[in-house]
Amino acid sequence: MKVLVIGGGAREHALCRSLSLDPDVTALYCAPGNAGIAEVAELHPVDALDGDAVARLATELGAGLVVVGPEAPLVAGVADAVRAAGIPCFGPSGAAARLEGSKAFAKDVMAGAGVPTARSYVCTTPAEIDTALDAFGAPYVVKDDGLAAGKGVVVTDDVEVARAHALACDRVVIEEFLDGPEVSLFAITDGTTVLPLQPAQDFKRALDGDEGPNTGGMGAYSPLPWADPKLVDEVMQSVLQPTVDELRRRGTPFSGLLYAGLAITSRGVRVIEFNARFGDPETQVVLARLRTPLAGVLLGSANGTLDQLPPLKWRDDAAVTVVIASHNYPGTPRTGDPIEGLDEVAAQDAPHAYVLHAGTRREGDVVVSAGGRVLSVTATAEDLAGARERAYAAAARIRLEGSQLRTDIAEKAAQDAAAARA
């Protein structure tokens, strides 16, 4: 089939890389894409938020499947427009994508489905904000109700910082702090059947040791050697299936990628948030471990035939991805700097390590930075220690003036796994 992927980040590069390796994909397009995606897919310009424009492009290309990567086009109803044009689309409707587009809506769905999550207040006035902050106390968890590109959440012990963030939002969700490690679990669903993928853990803070401001994500790894082997089954039964069933019951069936951000607390698994698309950077490590060809699974979601597919197959290898970010990220990032060393990684580290592009563009023969998170260096090996070593060795070949990365991605998990084997 011919596949069109919408988006232009490292998540879309990971999707395009997997689709390019699928023998059933006869032509691969991406709109708008980036400099790295151009190596595996034919790029086309499009306004990703314009559903009619996306549907027209898909029709012109003869696409048999459209994959919508980012959250903003999904919330804007792009998948609806594609389906209205008679083209199968991987991604939820605009109504169902409110699960990510509105934190308050997500809390309401979780309440209806009996899904365990943090206690919370939805606030729209300064008085309500003060009441909620006083009720929970520190650490304060304040979430912008709408989309904020992964940067709408503040977790702080400083009540004035929490209050300032809350007052800057039109509507805000203030909730109790959840202790324990965080896990990302993706599931592909057609609105009835739910296929969980392998869990991953990402690193939100900008600096080593989980210091510094929140970001869109500075790295990730999979599998999680410290996690309970029954975790996926437990989350399927208590979170994923009930949520999909509740949305179908409400008349807003969810098909596409359901992303559960989880806290493994002292009282059990709790949902921190839902997203309506593949997460970045977790997608990079999850797809690196998936053996099953991707296109047929995404098409099964779009066509409502997931129950007819065989079980997903996974590689035993571990995967680690390290994000290289621009100077000053997550503030206003510096862009337009040349990126060197990409050819060296391709020549010396492939196939065990490779670079996925996030914020890049091509200027003549030169690839330059074009965003906050610029590259995701991804590697696989028999264990996390080996994957870390390969990822960081490849990242060391990349030269981007003023760039930054965390040096501790998957470090503790790799050490703990090694100690357990010893």
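Read on for an overview of the structure.

**Remarks on the sheet that holds strand S16 (residues 256–265)**
Logical step 1: With antiparallel pairing, 4 strands are arranged side by side in an open sheet as S11-S10-S16-S17. At either end of the open sheet lies a strand with only one pairing partner, and these are strand S11 (194–196) and strand S17 (268–275). With strand direction ignored, the average angle separating the axes of adjacent strands in the sheet is 35 degrees.
Logical step 2: Note: S16 against S17, 7 bridges, orientation antiparallel. Bridge pairing links threonine 265 to glycine 268 in S17.
Logical step 3: Against the sheet, helix H11 (residues 294–303) makes contact with strand S10 (182–189), S11 and S16, and its axis sits at roughly 70 degrees relative to S10, the strand it touches most.

**Looking at the sheet that holds strand S2 (residues 27–32)**
Logical step 1: With parallel pairing, 5 strands are arranged side by side in an open sheet as S3-S2-S1-S4-S5. The sheet is open, and its two borders are formed by strand S3 (42–43) and strand S5 (89–90), each paired with just one other strand.
Logical step 2: Where S2 lies against S3, 2 bridges are found, and the strand directions are parallel. Directly across from tyrosine 29, in S3, lies its bridge partner glutamate 42.

**Let's talk about the environment of leucine 384**
Logical step 1: Residue position: leucine 384 is located in helix H13 (residues 384–395).
Logical step 2: Leave out the neighbours within four places in its chain, and leucine 384 touches Tyr221, Ser222, Pro223, Pro225, Ala318, Ala319, Val320, Ala413 and Ala414.

**As for the layout of surface pockets**
Logical step 1: What the second largest pocket holds in volume is close to 470 Å³.
Logical step 2: For the second largest pocket, the lining is made up of 22 residues, of which Glu39, Leu342, Ala346, Val355 and His357 are closest to its centre.
Logical step 3: Those elements giving two or more residues to the lining of the second largest pocket turn out to be helix H1 (10–20), helix H12 (342–348), strand S19 (353–357) and strand S21 (366–369).
Logical step 4: Its residues assigned to classes, the lining of the second largest pocket comprises 13 nonpolar, 4 polar and 5 charged.

**A few points about the side chain of arginine 406**
Logical step 1: Locating arginine 406 in the fold gives a position in the loop between H13 and helix H14 (411–421).
Logical step 2: Look at arginine 406 and you get buried, because its relative accessible area is 1%.
Logical step 3: A polar atom in the side chain of arginine 406 sits 3.0 Å from the backbone oxygen of arginine 205.
Logical step 4: Side-chain polar atoms of arginine 406 contact the side chain of aspartate 408, separated by 2.9 Å.
Logical step 5: Sequence-distant contacts of arginine 406, that is, excluding residues within four places in its chain, are made with Phe203, Arg205, Ala206, Leu207, Asp208, Gly209, Asp210, Met218, Val322 and Tyr392.

Parameters at a glance
Residues numbered from 1 in each chain as written. Predicted model: local features only at pLDDT ≥ 70, side-chain atom pairs only at ≥ 80, totals over all residues. Heavy atoms only, no water. Pairing = 2+ DSSP bridges. Helix = DSSP H or I, 4+ residues; strand = E, 2+ residues; numbered from the N terminus. Axes fitted to C-alpha atoms, helices over the stretch in contact; angles between N-to-C directions. Contact = heavy atoms within 4.5 Å. 1 Å grid on protein atoms, 1.4 Å probe; cavity = no way out; pocket = protein on both sides within 12 Å on 5 of 7 lines; lining within 4 Å. Points joined across faces, edges and corners; volume = space filled by probe spheres on them. Nonpolar A, V, L, I, M, F, W, Y, C, P; charged D, E, K, R; others polar. Buried < 20%, exposed > 50% of the residue type's maximum accessible area, 1.4 Å probe, protein only. Polar contact = N/O pair within 3.5 Å; in protein donor to acceptor, adjacent residues only side chain to side chain.

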